[in-house]
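Observations on the three-dimensional arrangement
This is what each chain is made of:
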Amino acid sequence: MSEAQGPNIAEWQAQQQHQEAAGEKSGFGLGHSDSVSTVVDGMKWLFNFHEGAIAAYSNVFEGLVSGSSLVTLFGKSGNMFGIKFLESLAEHFSGGGGEDMPSEGMEMAHGDEGPHSDDYPHANNEMAHNADGLQDMHDAGDHHGQSFSPGPSPSVGDDHGHELVKKVSVLGSTGSVGKKTVDLLSKRKEEYQVEALSAHSDFALLAHQAKLLNAKYVAISDERFYKDLRENLLGTDIKIAIGAEGLVNVASLPVDLSVIAIVGIAGLGPVIEVIESGTKVIALANKESIVCGGKLLLKKAKEKNVQIIPIDSEHNAIFQVLQNDDKCVEKIILTASGGPFLNYSSEQLRNVMVDQALSHPTWNMGKKISVDSATMMNKALEIIEAHNLFNISPSKIEAVVHPESIVHGIVVYKDGFNFAVLAETDMAIPISYALSWPERSALNRKLDLTKQGKLTFQEPDHKRFPALKLSMAVLNSSAPQTNSIVLNAANEIAVNEFLKSRIGFLKIVEIVESTMESFDSYTDINSLSDIINIDCESRIIANKIVESKVVARVM
């Protein structure tokens, strides 16, 4: 990094740590005088990069030192506040920059020049589908004089090892949960450093988010939008990865916390990659990865000591309660809003249109999950997710319809006590909890029970909403993980066909049931490829069933 771009605080920290290891004076864990000395030395080092700025700050600097004000300013935790102060000065001197120069592992969006074919081999209309993500860009040559290092620099910490800035990635940042996450991060820039964002195809929003959060890397899964994304990022140092491999490589970047909000089983591979990356906390909004990954995924997470925090409001609620007490649990209760058709008759359900299914009475969600909520397949998937995530028997999981959606989850203990988690219907609340865990952050979302009027609960109607029964059939079967994969795959196919108005609303669950009945390729699941094979075969079966339904509908 050149002097014009500002000094590297991480470099200074490394120097201090080296001195400490050699027995020299350091502010790390020492008292008042040593902390002051360290900060002063650091500030002098800092000013060497910008001699022209010393005159402007000399009076302040000398006053602080001569009056021993640094002790008052920084206190016993001199290292923590001192480093933060140095970082602020560095940012000021460098004009708010301080971003690392692009490395050859990922492509940089150039400022004044357009994309070159030798910069990125897949940037033309013949963009190949065998893209190797970051490695492809590495193979294209080093045009920026930098070597690729996949790991971010260590987070700055205080004397007690507490991180002041969390390094985060958001995979699926342009979806409903992703946008909420970005909004929260944009309001807490002093707490989080965004390493990477990813999207499937919304290049314009992805570029806007990346610039808003000063992200270092972006990945777009649909290779067709690479050029558009590149143009939107001209003039920035943001590096781009594309395709499935690009997404996997971005997922492999180790961070303090990774928010995974990719929809469907497409999120499973990235989740496993994040687990393997060295990232220690995953905020997971992708229930399908738990439903389909099952024991395989959770075993990997345990081996790598990765904490998975569910973002689904129901599982987030249960997680919070069990964090305090997971002994003597009699059962857990997941609440369901009932969706927009809670009081519809069977005849009315038969004539439901797409726009009606997307109009949820209490939640603002994406298309797929809105339809799942309308069929109550979402709750079926959540029951399977709860079984896997909390390692609890299916017989101890219950779903209750709660139209107001204020109570998100309940843990019932054997002594008769019920612990319920209540909150407004805003996904920002569980997202904020996951971002801040194991701490809590202030959020202006206050529940006023006096304005709620009433809270009601009722048993689900399994006749009008048969999806719920499927979850129990899956969990009580001889091959629950295989059947979970089949159920999820068939549902993704059916929902997509409904959204295209090719099948009726009630056909969604019918197609899922028929697919499960037709599937017979049972095998042991020992790897991600085993899961993908089952998923692919299930989709083939489901698509054939869809076509037969469409033909019958036309006739």
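Conventions we followed
Residues numbered from 1 in each chain as written. Predicted model: local features only at pLDDT ≥ 70, side-chain atom pairs only at ≥ 80, totals over all residues. Heavy atoms only, no water. Axes fitted to C-alpha atoms, helices over the stretch in contact; angles between N-to-C directions. Helix = DSSP H or I, 4+ residues; strand = E, 2+ residues; numbered from the N terminus. Parallel < 35°, antiparallel > 145°, perpendicular 65-115°, else oblique. Left-handed = near helix turned anticlockwise from the far one by under 90°. Contact = heavy atoms within 4.5 Å. Nonpolar A, V, L, I, M, F, W, Y, C, P; charged D, E, K, R; others polar. Salt bridge = Lys/Arg side-chain N within 4 Å of Asp/Glu carboxyl O. Phe/Tyr/Trp six-rings, centres within 6.5 Å; stacked < 30°, edge-to-face > 60°. Buried < 20%, exposed > 50% of the residue type's maximum accessible area, 1.4 Å probe, protein only.

**Some words on the packing of helix α19 (residues 467-475) against helix α21 (residues 507-518)**
If you want to describe how two helices pack, look at the angle between their axes and the distance between the axes. The contact between α19 and α21 brings their axes to 10 Å, and the two run at 20°. Comparing the axis directions of α19 and α21 gives the class roughly parallel. Crossing geometry of α19 relative to α21 is assigned as left-handed. Mapping the contact onto sequence places A467, L470 and V474 in α19 and V509, V512, E513 and M516 in α21. Of the residues belonging to the contact of α19 with α21, the class tally is six nonpolar, no polar and one charged.

**Observations regarding the pattern of salt bridges**
Here the idea is simple: oppositely charged side chains can pair when their charged atoms come close. Applying the stated criterion to the full structure yields 23 salt bridges. We note a salt bridge from K507 to E510, for which the minimum N-O separation is 3.3 Å. One end of the pair, K507, and the other, E510, are both in helix α21, three residues apart, so they sit about a helical turn from each other.

**Focus: the packing of helix α10 (residues 243-251) against helix α11 (residues 268-277)**
The geometry of α10 relative to α11 is characterised by a closest axis approach of 8 Å and an angle of 35° between their N-to-C directions. Handedness of the α10/α11 crossing: right-handed. Contact residues: L247, V248 and A251 in α10; P270, E273, V274 and S277 in α11. Of the residues contributing to the contact of α10 with α11, the split by class is five nonpolar, one polar and one charged.

**A look at the packing of aromatic side chains**
In the structure shown here, the tally under the stated rule is seven aromatic pairs. On the numbers, 5.7 Å between centres and 20° between planes, the contact of F203 with F225 is stacked. Separated by 22 residues along the polypeptide, F203 in helix α8 (residues 203-213) and F225 in the loop between β4 (217-220) and α9 (226-232) bring together distant segments of the chain. Seen from their ring centres, F519 and Y522 are 5.5 Å apart, and the 90° between their planes marks the pair as edge-to-face. The class of F519 is buried, set by a relative accessible area of 3%.

**Points about unusual backbone geometry**
The omega torsion of the bond from W437 to P438 falls at 10°, within 30 degrees of zero and hence cis. The backbone of N214 shows a phi angle near 55°, a positive value even though the residue is not glycine. Within the element layout of this structure, N214 appears in the loop between α8 and β4. You can call N214 partly exposed: its relative accessible area is 45%. Residue N391 is not a glycine yet carries a positive backbone phi of 50°. Looking at the element boundaries, N391 is found in the loop between α17 (377-390) and β10 (397-401).

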